[in-house]
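Chain by chain, the residues run as shown.
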Amino acid sequence: MSKQQPAQFINPETPGYVGFANLPNQVHRKSVKKGFEFTLMVVGESGLGKSTLINSLFLTDLYPERIIPGAAEKIERTVQIEASTVEIEERGVKLRLTVVDTPGYGDAINCRDCFKTIISYIDEQFERYLHDESGLNRRHIIDNRVHCCFYFISPFGHGLKPLDVAFMKAIHNKVNIVPVIAKADTLTLKERERLKKRILDEIEEHNIKIYHLPDAESDEDEDFKEQTRLLKASIPFSVVGSNQLIEAKGKKVRGRLYPWGVVEVENPEHNDFLKLRTMLITHMQDLQEVTQDLHYENFRSERLKRGGRKVENEDMNKDQILLEKEAELRRMQEMIARMQAQMQMQMQGGDGDSGALGHHV
Amino acid sequence: MPGASKHLYPRQCSLAALTRSDCSAEEEAGSWGEVGCPSPPHSPILWVVRRSRPVVEPMLVGSGLLRAPQVSPACKNTHELPELDRLRLFLGLPFRPPFNIPRALCVILGLPETRSDAAMSELVPEPRPKPAVPMKPVSINSNLLGYVGIDTIIEQMRKKTMKTGFDFNIMVVGQSGLGKSTLVNTLFKSQVSRKAASWNREEKIPKTVEIKAIGHVIEEGGVKMKLTVIDTPGFGDQINNENCWEPIEKYINEQYEKFLKEEVNIARKKRIPDTRVHCCLYFISPTGHSLRPLDLEFMKHLSKVVNIIPVIAKADTMTLEEKSEFKQRVRKELEVNGIEFYPQKEFDEDLEDKTENDKIRQESMPFAVVGSDKEYQVNGKRVLGRKTPWGIIEVENLNHCEFALLRDFVIRTHLQDLKEVTHNIHYETYRAKRLNDNGGLPPGEGLLGTVLPPVPATPCPSAE
């Protein structure tokens, strides 16, 4: 599959074949060797099943020693950011997955400052990337920017809570938001439909920009188009997470065992877990691109505008200050000269006056 | 209290008389038109405190079960001071103003009690109204020679209750969407609460906590109940939920105030409309982790003013292990933080109550419930439940959720007790506080024991 020897420009089999059609394969091989990086942030109140879902999605155990604090401890806690990285390999393809968790979000009685920490974390990652990108050695830039944010919506409410709306509005320009309805086994199918519709309505009402799946290209095959259509219709995804193997109908499935039945995690009729996973996997590249092209560029232009002005201001300030100082110096010199003149005049005048007076007198 | 003992027995039968061992157990059955009675199988039992002795002994009065005043085993507890203090607490502090007993007793009418006589060591103050029938001193040790008909009092009282009906006020608190209205509808098997699921887009989450009280009259077996459901939309839904329990606390105290004003009136109604909150169901979100800080704060503030029953909402989110783990953790957290939910340990009246309530407190509470008002066909019968692609969750199936336990607890066994604790403890605490704060009573009431007929006086202070 490698390119032909440069000396031979013509493939004996196909006249006119140059061979650069192999380029994608080369890129593919290079990137496979390099590996992929992906950063996923999960945000939501405690107890919505975020950690379980992440473990189910990637079939790993990202949180082996987990201590869940009690309510009294939660009262004093502020939002923290915990990033855990795991390297997953599948069929030779390496993925370096970083999951950014936000324990403490939504716990406090007063949640006004909940998301400040999160926003500053996202900005920090952008800042670091910008700094690296503008630096001298650009070979090994580590991309820690948040590519995707799963926002967990509680299934117990009647739609979005005020906190949800406020948070999403604050970060929809910085990161791709994928709203996820957690613990979907709480809802019957009808309730689920109603909740999804309600959430979509509220998102539209508040002009929140969530991540939209790109439409399938017209030259893709029908299956893919159909799949994309299905995915788009199911947003927000209502998921159930579990890593326990339950025996159901003779086979072992991952699921949750209730007295009234078994909820299967990978059954599309029970929940949208498979859809979420498909979306994440097939669109990982797209998520990264949108982060790079849209959010990062937004950030960069904002930052440079702000940062540029600051730098110029400083230079200008220096000059200005110099100029000002010189001007002040001149002014002061003038003043001194004037004062001196005045004093002299006074003295002379005084003398003169007295003299004059005296003379006159 | 000067003169209090005189008021104890309208017939001027002083406590001293009662201390005679061959005692004039007073058969006041006929006069006790409005006395509270234990469960129908037992005869009317009247408990009297004999304060001349340091030991508090029960005396059985009434037909059929007259016995010598024995120190029942449970009595031995009363030798310990704490028990006595508990008693005092339950009966009322020595200097507390008299109970308004007729109303309290009205409250107790006719409903089945679960006490038996054997374990009665605690005493209920029964300041009595004027007896309609002259008392006949009957010696305790003798058996009746024939049927007298004293036990018909139960029937009489039951008839009276059925005619007058009774009030019950239940408040539901919790974040929106936890299924409060559905649960209340399921509890009382009727549409007493308008469900928020029918909210359309115009109805948003209110910016502050609102209090909405809706009253219904439901009837069952000839007994009328005026049920008021007090909803608190907006609780815990904002970004900043600080002090969101204050409107609720204010509302509860307002109801106490209303009752107090009525009670203290010179010309007061025969039956004061009771709008006090008897029971507050607090809905805990089934996160599976622990209580939320808001839950803790709310319960800390309100467990002193109202009976709080914590309930785990939407319990079909959790598997059995998760459920038991979560319940354990919640119980522990409540204990560690000193939150006394109903049934409060300090108000257990006797050993039997204590064991029963202990069992409930340590094993069943908080109840993990599922509510539903839709019916489905399961195994040939129609059940209330929720239909999911993986099965039907039956609301009244104990293997699925604990709704049936909650219902039995609130309605079938402890309804009466809820009202009593509210009246005798929470209301009296509020009243004492108010009177102490004001340094006296609002105009219209004189001091203890001297005002409006009937004037009940607490028996305890007389012996001090």
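Residues numbered from 1 in each chain as written. Chains lettered and ligands numbered in written order. Predicted model: local features only at pLDDT ≥ 70, side-chain atom pairs only at ≥ 80, totals over all residues. Heavy atoms only, no water.

## Structural notes on the environment of Val100(A)
Residue and element names in this part refer to chain A.
- Structurally, the position occupied by Val100 is in strand S3 (residues 93-101).
- A relative accessible area of 0% places Val100 in the buried class.
- Separated by 17 residues in the primary sequence, Val100 and Ala83 place their C-alpha atoms 4.2 Å from one another.
- Apart from residues no more than four positions distant in its own chain, Val100 is found in contact with Thr39, Leu40, Met41, Val42, Ile81, Glu82, Ala83 and Tyr121. (Helix = DSSP H or I, 4+ residues; strand = E, 2+ residues; numbered from the N terminus. Buried < 20%, exposed > 50% of the residue type's maximum accessible area, 1.4 Å probe, protein only. Contact = heavy atoms within 4.5 Å.)

## Details of the sheet that holds strand S7 (residues 308-312) of chain B
Residue and element names in this part refer to chain B.
- Judged by pairing direction, the sheet is mixed, and its six strands sit side by side in the order S4-S5-S3-S6-S7-S8 without closing on themselves. Lying at the two open borders of the sheet, with one neighbouring strand each, are strand S4 (212-220) and strand S8 (367-368).
- When strand S6 (residues 279-284) meets S7, the two strands line up parallel, connected through five bridges. Within S7, the residue paired with Leu281 across the bridge is Ile309.
- Running at roughly 165 degrees to S6, helix H8 (residues 293-302) makes contact with strand S3 (166-173), S6 and S7 of the sheet. (Pairing = 2+ DSSP bridges. Axes fitted to C-alpha atoms, helices over the stretch in contact; angles between N-to-C directions.)

## Some thoughts on the packing of aromatic side chains
- In total, this model carries 16 aromatic pairs over all chains according to the counting rule given.
- Residues Tyr105(A) and Phe167(A) carry aromatic rings whose centres are separated by 5.2 Å and whose planes lie at 65 degrees to one another, so their mutual orientation is edge-to-face. One end of the pair, Tyr105(A), is in the loop between S3 and helix H4 (114-133); the other, Phe167(A), is in helix H5 (residues 162-171), and 62 residues separate them in sequence. Residue Tyr105(A) shares its accessibility class with Phe167(A), and that shared class is buried.
- With a centroid separation of 5.2 Å and 35 degrees between ring planes, the pair formed by Phe126(A) and Phe299(A) is classed as tilted. With Phe126(A) in helix H4 and Phe299(A) in helix H9 (residues 284-360), the pair connects residues that are 173 residues apart, well separated along the chain. No difference in accessibility class separates Phe126(A) from Phe299(A), as the two residues are buried.
- Here the aromatic cluster, defined as three or more aromatic residues joined through ring pairs, consists of Tyr105(A), Phe115(A), Tyr151(A) and Phe167(A).
- Directly above the aromatic system of Tyr296(A) lies the positively charged group of Arg145(A), at a separation of 4.7 Å from the ring centroid.
- The positively charged end of Arg276(B) is found above the aromatic ring belonging to Tyr427(B), 4.7 Å away from the centroid. (Phe/Tyr/Trp six-rings, centres within 6.5 Å; stacked < 30°, edge-to-face > 60°. Lys NZ or Arg CZ within 6 Å of the ring centre and 35° of its normal.)

## Structural notes on unusual backbone geometry
- A cis amide bond links Ile235(A) to the next residue, Pro236(A), at an omega of -5 degrees.
- Among the secondary structure elements, Pro236(A) is positioned in the loop between helix H7 (222-233) and strand S6 (237-238).
- Backbone geometry places Lys183(A), a non-glycine residue, at a positive phi of 45 degrees.
- Looking at the element boundaries, Lys183(A) is found in the loop between strand S5 (177-181) and helix H6 (189-205).
- Within the chain, Lys314(B) stands out as a residue other than glycine whose phi angle is a positive 45 degrees.
- As for its position among the elements, Lys314(B) is in the loop between S7 and helix H9 (320-336).

## As for the UniProt feature "site: Important for dimerization" (unreviewed entry) in chain A
Residue and element names in this part refer to chain A.
- The UniProt record annotates "site: Important for dimerization" (unreviewed entry) at Phe156.
- Mapped onto the secondary structure, Phe156 falls in the loop between strand S4 (148-153) and H5.
- The buried category is assigned to Phe156, whose relative accessible area is 4%. (UniProt positions renumbered as here; feature names shortened; annotations may be inferred.)

## As for the pattern of salt bridges
- Counted by the stated rule, this structure contains 37 salt bridges over all chains.
- In this structure, the salt-bridge partner of Glu322(B) is Arg256(A), at a minimum N-O distance of 2.7 Å. Residue Glu322(B) is located in helix H9, and its partner Arg256(A) is located in strand S8 (residues 251-258); the two belong to separate chains.
- Ionic pairing is found between Arg431(B) and Glu263(B), a salt bridge with its closest N-O pair at 3.3 Å. Here the residue Arg431(B) occupies a position in helix H12 (residues 415-438), and Glu263(B) occupies one in helix H7 (residues 246-264), the gap between them amounting to 168 residues.
- On the basis of relative accessible area, Arg431(B) is assigned to the buried category, the value being 3%. (Salt bridge = Lys/Arg side-chain N within 4 Å of Asp/Glu carboxyl O.)

## With respect to the interface of chain B and chain A
- Facing the 48 residues of chain B at the interface are 46 residues of chain A.
- For the pair chain B and chain A, the two sides together bury roughly 4100 Å², of which 57% comes from carbon and sulfur.
- Of all residues in chain B, Ile239(B), Pro293(B) and Trp390(B) give up the largest surface area on contact with chain A, accounting jointly for 21% of the area buried on that side.
- Linking chain B with chain A are three salt bridges, by the criterion used here. (Buried area = accessible area lost by both parts, 1.4 Å probe.)

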